[in-house]
Amino acid sequence: MTRLFLDCDTGIDDSLALLYLLGRREVDLVGIVSTAGNVPVDVVTANNLAWLELCGRTDIPVHTGSPDPLTAELMTTEDTHGPLGIGYAELPPATQSASRVDAADAWIEAAMAYPGELIGLVTGPLTSLATAIRRDPALPTRLARLVIMGGAFHVHGNTTPTSEWNVAVDPEAAAEVFAAFGRDDTESPIVCPLDLTESVAMTPDHLVRLAATAGSSPVEYPDPTDEAGLRSVSDNALIRHLMDAVRFYLEFHHAHDEGYIAHLHDPFAAMVALAPDIVTTIPARVDIELVGRHTRGMTVADERSMTGEPNARIAIATDIDAVFDDLIDTIGTFARSFAPSDNSGSGMVART
């Protein structure tokens, strides 16, 4: 059994990462931390609770983090992820409540419960993890592996010309987390930056394959000529909500001249957390620019050990086709259990 602790700012692609992890039977998702980022922390918590209840996994505790970054004012990105962070999806409100254990203490308790075994995965800002390390500086020594979605090293940023969103929201937290690694008693975190994650681009064809794997009917094919905000009519509850979420993401990327695609940064990081051998990595000393007028939040990679020993491994290559095969099979198979009993699974395609 693989013990994994997820820290996220859910988020459309965070939602897909969560569904992917729930679909992997060998994964013991010991807890979920809600960190402010894509949307405010109370909305992140509501999304996590709602997805878990929809999927019948209310046994997994959800922990709420700080409403603010360590020092900066919170910025959110509803234009990217929708007013509630999950695009056009309207999940039934959860009846369960968040844990009384806050996010930072939850990190500490999980690492102490599974020392040398726990895999940490952060797909949002690093605020909660940085706070946990402040409270327990030995926490990094207890992790078997840490995977971080964040940073932009040899490409432009997606928030400022030089910074990636998760780091830009809380640069101080990112700086503190990376500074806590690089010692002999810690395993260098694997960083999945924009350099690689923007190549993990979901298309309508991928969605058709996923819906077909789930036995959804009809299998809908989103198209850029569709009316904005067109809702799914799938008879599979999970696929219906997923399609409504991803459609918003497709429209966002299309409106920004990136194509009718959806960058799946976070599900990719979830895959790396479970199977780090799917990526090629290079060691580097990673630090965060905190004071530059134009470069605040920039992730700086020293790949030649000019400023110190490596404290991270940067993912630089993967097999994109294999990534989508795994994603589609895992989430599609998981979603199949949500199909109505009379679903014929005919695979008919509806142009919606």
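Our subject is the structure listed above.
As the structure is a computational prediction, the values presented were derived from the model and not from experiment.

Let us now look at the overall build of the protein. Looking only at helices and strands, the protein has 13 helices and 13 strands in total. Relative to the globule expectation of 20 Å for 352 residues, the C-alpha radius of gyration of the protein, 19 Å, shows essentially globular dimensions. In terms of overall dimensions, the protein has C-alpha extents of about 60 × 40 × 35 Å along its principal axes. The buried share among the 352 residues of the protein stands at 57%. Long-range contacts, defined here as pairs at least 24 residues apart, represent 81% of the contacts in the protein between residues at least 6 apart. For the protein, the exposed surface amounts to about 13900 Å²; the carbon and sulfur share of it is 51%. Counting 21 positive and 51 negative side-chain charges, the protein places the centres of these two groups 4 Å from one another.

Counted residue by residue, helix 8 (residues 171–179) has seven buried out of nine residues, so it is predominantly covered. Here helix 8 has its buried residues at Pro-171, Glu-172, Ala-173, Ala-174, Ala-175, Val-177 and Phe-178. Next to the buried residues of helix 8 lie helix 5 (127–135), strand 5 (145–149), helix 7 (165–169), strand 6 (190–192), strand 10 (279–288) and strand 12 (312–318).

The next subject is the pairing of strand 4 (residues 119–122). Neither face of strand 4 is left uncovered, since the one carrying Ile-119 and Leu-121 and the one carrying Gly-120 and Val-122 both have all their residues buried. As paired strands, strand 1 (residues 2–8) and strand 4 are joined by four bridges and run parallel to one another. Within strand 4, the position partnered with Phe-5 by the bridge is Gly-120.

Moving on: the pattern of salt bridges. The tally for this structure, following the rule as stated, stands at 15 salt bridges. Between Asp-325 and Arg-209 there is a salt bridge, and its shortest N-O distance comes to 2.9 Å. Taken together, the residues Asp-325 in helix 13 (residues 320–336) and Arg-209 in helix 10 (residues 204–213) connect sequence positions 116 residues apart. On the basis of relative accessible area, Asp-325 is assigned to the partly exposed category, the value being 40%. It is possible to trace a salt-bridge network through shared partners that takes in Arg-3, Asp-28 and Glu-117.

For the rest of this paragraph, the subject is the side chain of Asp-9. Assignment of secondary structure puts Asp-9 in the loop between strand 1 and helix 1 (12–23). We note that Asp-9 is buried and unpaired, the nearest opposite charge coming from Arg-296 at a distance of 15 Å. A polar contact is formed between the side chain of Asp-9 and the backbone nitrogen of Asn-38, at a distance of 2.9 Å. Once you skip the residues sitting within four places of it in the chain, Asp-9 turns out to touch Asp-14, Thr-35, Ala-36, Gly-37, Asn-38, Val-44, Thr-123, Gly-124, Pro-125, Trp-165 and Asn-166.

Across the sheet, nine strands lie side by side as 3-2-1-4-5-6-12-10-11; this open sheet has mixed pairing. Each edge of the open sheet carries a strand with a single partner, namely strand 3 (62–64) and strand 11 (299–302). This sheet shows a mean twist of 30 degrees between the axes of neighbouring strands, independent of strand direction. Set on the sheet, helix 2 (residues 41–54) makes contact with strand 1, strand 2 (27–34) and strand 3; between it and strand 2 the angle comes to about 155 degrees.

Calculation notes
Residues numbered from 1 in each chain as written. Predicted model: local features only at pLDDT ≥ 70, side-chain atom pairs only at ≥ 80, totals over all residues. Heavy atoms only, no water. Helix = DSSP H or I, 4+ residues; strand = E, 2+ residues; numbered from the N terminus. Rg over C-alpha atoms; globule rule 2.2 N^0.38 Å. Buried < 20%, exposed > 50% of the residue type's maximum accessible area, 1.4 Å probe, protein only. Contact = heavy atoms within 4.5 Å. Areas by Shrake-Rupley, 256 points an atom, 1.4 Å probe, with all protein chains shown as cover. Lys, Arg positive; Asp, Glu negative; His and termini not counted. Charge placed at Lys NZ, Arg CZ, Asp CG, Glu CD. Pairing = 2+ DSSP bridges. Salt bridge = Lys/Arg side-chain N within 4 Å of Asp/Glu carboxyl O. Polar contact = N/O pair within 3.5 Å; in protein donor to acceptor, adjacent residues only side chain to side chain. Axes fitted to C-alpha atoms, helices over the stretch in contact; angles between N-to-C directions.

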